[in-house]
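# Residue-level structural notes
Letter by letter, the chains look like this.
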Amino acid sequence: MKLINENPSLGVKLPRIQAENSRLQLIKAGLLSKTKKIIRNHNYVYFPITDSSNITKILKDYEYQLDYFDFPEENLKPKVIDKLRSSFPNEPWNEISIKFDQIGEIGLLRLDPQKTTREFRIQVGNEILNSYPKITSVLNKSDITEGINRIFPIEHLAGEKKFESWHKEYGVLIKVDLQRAYFNPRLAEEHRRLSKEVKSGDRILDLFAGVGPFSLHCAKATNCTSIAVDINPYAIQNLTTSINRNKLNGTIIPIIGDAGSIFGIKNYFDRIIMNLPDSSIEYLEYSMNLVKNGGIITFYQFIRKMDKPDEFISALISKQLGKKCDYEILTCRVGREVSPSKVQMNVDLNILKNG
Ligand SMILES: C[S@@+](CC[C@H](N)C(=O)[O-])C[C@H]1O[C@@H](n2cnc3c(N)ncnc32)[C@H](O)[C@@H]1O
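These remarks concern the structure in this document. Here the residue numbers are simple positions, counted from 1 along each chain's written sequence. Where local features are concerned, this predicted model is filtered to residues with pLDDT of at least 70; where side-chain atom pairs are given and counted, the filter is 80 or more; whole-chain, interface and lining totals use all residues. Only hydrogens and water are removed before side-chain values are computed, so all heavy atoms of the structure are retained for them.

### Some points on the sheet that holds strand 14 (residues 269-274)
Across a sheet, paired strands are connected by hydrogen bonds in the backbone, their directions being either parallel or antiparallel. Spatially, seven strands are ordered 13-12-11-14-15-17-16 in an open sheet, and the strand pairing comes out mixed. Two strands bound the open sheet, and with one partner strand each, they are strand 13 (251-256) and strand 16 (325-339). With strand direction ignored, the average angle separating the axes of adjacent strands in the sheet is 15°. Relative to strand 17 (residues 342-354), strand 16 runs antiparallel, the two being bridged by 12 bridges. By the bridge assignment for strand 17, Ile 329 is matched with Leu 349. Packing of helix 5 (residues 188-197) onto the sheet brings it into contact with strand 14, strand 15 (291-304), strand 16 and strand 17, and relative to strand 15 it is tilted by some 165°. In this analysis, two residues are considered to be in contact whenever any of their non-hydrogen atoms come within 4.5 Å of each other. All axes here are fitted lines through C-alpha atoms, helices being fitted over the stretch that makes contact, and every angle between N-to-C directions spans 0 to 180 degrees. A run of DSSP states H or I qualifies as a helix once it reaches four residues; a run of E qualifies as a strand once it reaches two. Both are numbered from the N-terminal end. Of the strands in this sheet, strand 15, strand 16 and strand 17 touch helix 9 (residues 309-321), which is tilted by about 130° from strand 16. Strand pairing follows a simple DSSP-based rule, namely that at least 2 bridges must link the two strands.

See below:
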């Protein structure tokens with residue numbers, strides 16, 4: 001198993017003989033990730049976890065190793081795949097990748113219409129309806145995410161023709177409308193990770209907020225204030241619905257608008273979040289002026305796959321910020337593989353002194 005680089009996330013490695021008991025401990029503590037798959041080999045089991053702060057206490061009786069591992073995303077149940085393989089033996093199985101996510105009551109597939117027949121996709125949809133009791137509608141993301149609002153074309157496959165649902169991430173309820181606003185359930189752990197770093201009283205600026213998962217996680221976790229800005233009115237409308245549905249400890253101020261139009265505030269925010277991975281880096285100098293000295297800018301940026309992505313990102317930051325401020329890169333890691341040639345980098349930048 002490779003450590004770091006491809007699609008790393010936090011996990012613990014344990015000898016097989018200790019696996020079952022430690023799994024129960026992790027579930028009890030709410031630490032076992034629901035979006036990544038457990039990996040088993042001859043001698044060891046690797047559990048994906050969501051947080052490491054209490055792990056010494058929780059696994060004190062076990063011989064565990066805490067590290068980053070390449071956990072695959074949770075995907076279709078093997079029995080569903082087996083059934084489809086036997087029903088459609090002539091499909092080019094070694095070329096087909098079936099990605100699958102459960103978003104509330106919606107099953108969202110990613111099946112390439114260029115490589116599969118509509119009959120096959122509908123059959124997959126029906127199989128999912130039969131195998132996942134909570135799912136009432138199966139949709140297919142039929143092309144890539146595009147445009148300023150980052151939404152994608154959707155093909156309805158089975159069940160109800162509905163695009164809206166309530167999705168739950170670690171106790172946070174998120175109103176989702178896949179036809180009108182961006183949402184990606186595979187970011188759940190990143191939403192949660194970030195919310196655990198936020199302190200009571202923090203002022204957050206969530207630029208490119210979408211339906212607001214970062215702000216919702218933060219305001220659920222602690223008494224912070226988050227200004228959530230998105231240019232898509234439907235995204236903000238969904239966020240407002242979610243604010244009313246969750247019991248939040250903090251406050252969220254939703255704003256429909258252009259992320260680049262905040263003026264007249266300087267050195268104000270404890271943390272700025274920028275999740276527009278096509279171009280977050282272009283907003284770095286702008287957000288540097290808005291963040292406090294000692295504050296953090298968390299941003300996500302797509303780059304092509306390469307050997308030393310951290311050095312590449314460091315050079316991009318230096319090009320943007322140059323000598324305009326003192327900063328320190330706290331973390332810079334590959335968050336997820338977006339395509340065979342593209343990865344998303346997750347970066348935390350501490351602005352020590354701006355201006
Ligand atoms: C990748 S999505 C991120 C959504 C959210 N942060 C999440 O984690 O689910 C990017 C969002 O940026 C918004 N957006 C794009 N350009 C923008 C701009 N100039 N100002 C504000 N929002 C913008 C889109 O509408 C979209 O909701």
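### Overview of helix 5
A large share of helix 5 lies buried, amounting to eight of its 10 residues. For helix 5, every residue scored as buried is listed here: Ala 188, Glu 189, Glu 190, His 191, Arg 192, Arg 193, Leu 194 and Ser 195. Looking at the packing, one finds that the buried side of helix 5 touches strand 9 (164-169), helix 6 (213-221), strand 14, strand 15, strand 16 and strand 17. With a 1.4 Å probe rolled over the protein chains alone, any residue whose accessible area is under 20% of its type maximum counts as buried; one over 50% counts as exposed, and the rest are partly exposed.

### Concerning unusual backbone geometry
Non-glycine residue Arg 150 carries a positive phi angle of around 60°. The phi angle at Tyr 170 is positive, at roughly 45°, despite the residue not being glycine. The residue Tyr 170 is located in the loop between strand 9 and strand 10 (172-177) in this model.

### A closer look at the pairing of strand 7 (residues 137-141)
Most of strand 7 sits out of view: five of its five residues are buried. Two strands pair when backbone bridges link them, and strand 6 (residues 106-110) and strand 7 are joined in this way by four bridges, in the parallel orientation. Note on strand 7: the bridge partner recorded for Ile 106 is Ser 137. A clockwise course of the path from the first strand over the helix to the second, judged with the strands pointing away from the viewer, identifies a crossover as right-handed. Taken together, strand 6, helix 4 (residues 118-131) and strand 7 constitute a β-α-β crossover, and its handedness is right-handed. Note: strand 7 against strand 8 (residues 154-159), five bridges, orientation antiparallel. Bridge pairing in strand 8 places Asn 140 opposite Glu 155.

### A short note on the pairing of strand 13
Alignment of strand 12 (residues 225-230) against strand 13, held across six bridges, turns out to be parallel. Its bridge partner being in strand 13, Ala 228 is matched across the sheet by Pro 254. Taking the sense of rotation as the criterion, the β-α-β connection linking strand 12, helix 7 (residues 233-245) and strand 13 turns out right-handed.

### Topic: helix 7
To estimate the expected span of a helix, count its residues, drop one, and scale the result by 1.5 Å. In a regular helix each residue adds 1.5 Å, so 13 residues correspond to 18 Å; helix 7 covers 19 Å between its end C-alpha atoms and thus fits that length. Restricting attention to buried positions, one finds in helix 7 the residues Ala 235, Ile 236, Asn 238, Leu 239, Ser 242 and Ile 243. The buried residues of helix 7 all sit within an arc of 155° when viewed along its axis, so they share a single face. Away from its buried face, by an angle of more than 90 degrees, helix 7 presents the exposed residues Gln 237 and Asn 244. Looking at the buried residues of helix 7, the elements they touch are strand 9, strand 10, helix 6, strand 12 and strand 13. As used here, the arc belongs to the directions running from the helix axis to the C-beta atoms.

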